[in-house]
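# Observations on the model geometry
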Amino acid sequence: MRERLNDVYLAVSNEGQGIRVQDRDKLFTRFGRLSQGSQSTGLGLYICKQLVTMMHGSIDVELEPGRRTTFWCTIPKANADD
């Protein structure tokens, strides 16, 4: 994780099944879905990554399979004030 003193840090965690480590590469890809029966379009995390990247930030995920998933991003504060 790339943190600087003036970064805005945002994290979202959920308790539950978690995401399998082998599915990590699918998370931020366009149309990446973890299950075939999902109602998801597979665009949400892809769009988040594009927006955070455009603001010169970073986004990633911490996986605890079978326990929780934490998505986090950092955005330089100068961009957060715009």
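Computed from a predicted model, the values in this text were never measured in an experiment.

What counts, and at which threshold
- Residues numbered from 1 in each chain as written.
- Predicted model: local features only at pLDDT ≥ 70, side-chain atom pairs only at ≥ 80, totals over all residues.
- Heavy atoms only, no water.
- Helix = DSSP H or I, 4+ residues; strand = E, 2+ residues; numbered from the N terminus.
- Buried < 20%, exposed > 50% of the residue type's maximum accessible area, 1.4 Å probe, protein only.
- Contact = heavy atoms within 4.5 Å.
- Phe/Tyr/Trp six-rings, centres within 6.5 Å; stacked < 30°, edge-to-face > 60°.
- Patch = residues over 30% accessible without salt bridge, like charges linked within 9 Å, V, L, I, M, F, W, Y side chains within 5 Å.
- Areas by Shrake-Rupley, 256 points an atom, 1.4 Å probe, with all protein chains shown as cover.
- Salt bridge = Lys/Arg side-chain N within 4 Å of Asp/Glu carboxyl O.
- Pairing = 2+ DSSP bridges.

## Regarding the overall build of the chain
Within the chain, the regular secondary structure consists of 2 helices and 3 strands. Along the chain, from the amino end to the carboxyl end, the secondary structure elements read β-α-β-β-α. Out of the 82 residues belonging to the chain, those deemed buried represent 23%. For the chain, contacts bridging at least 24 residues in sequence account for 55% of all contacts bridging at least 6.

## Structural notes on the packing of aromatic side chains
A complete count under the given rule lists 2 aromatic pairs for this structure. Seen in terms of ring centroids, Tyr-9 and Trp-72 are 6.4 Å apart; in terms of plane orientation they differ by 25°. Their pairing is stacked. Placement of the pair is Tyr-9 in strand E1 (residues 7-15) and Trp-72 in strand E3 (residues 68-76), with a sequence separation of 63 residues. Residue classification places Trp-72 among the buried positions, given a relative accessible area of 7%. Pairing Phe-28 with Phe-71 gives two aromatic rings, centres 6.2 Å apart and planes at 80°, and the pair type is edge-to-face. Of the two residues, Phe-28 sits in the loop between E1 and helix H1 (44-54) while Phe-71 sits in strand E3, which places them 43 residues apart along the sequence.

## Regarding a nonpolar patch on the surface
Among the surface-exposed residues, Ile-47, Leu-51 and Met-54 lie close enough to one another that they form a single nonpolar patch of about 310 Å² accessible area. Counting through the fold element by element, Leu-51 comes out in helix H1. The exposure class assigned to Leu-51 is partly exposed, which follows from its relative accessible area of 43%.

## Focus on the pairing of strand E2 (residues 58-64)
Taken together, the 7 bridges between E2 and E3 define a ladder with antiparallel strand orientation. Residue pairing for E3: Glu-64 is matched across the bridge by Arg-68. Taking the residues that link successive antiparallel strands as the turn, the E2-E3 hairpin has 3 residues, and the phi of Gly-66 there is positive, at about 80°.

## Here we look at unusual backbone geometry
Here His-56, not a glycine, exhibits a phi torsion of approximately 60°, which is positive. Along the chain, the position of His-56 falls in the loop between H1 and E2.

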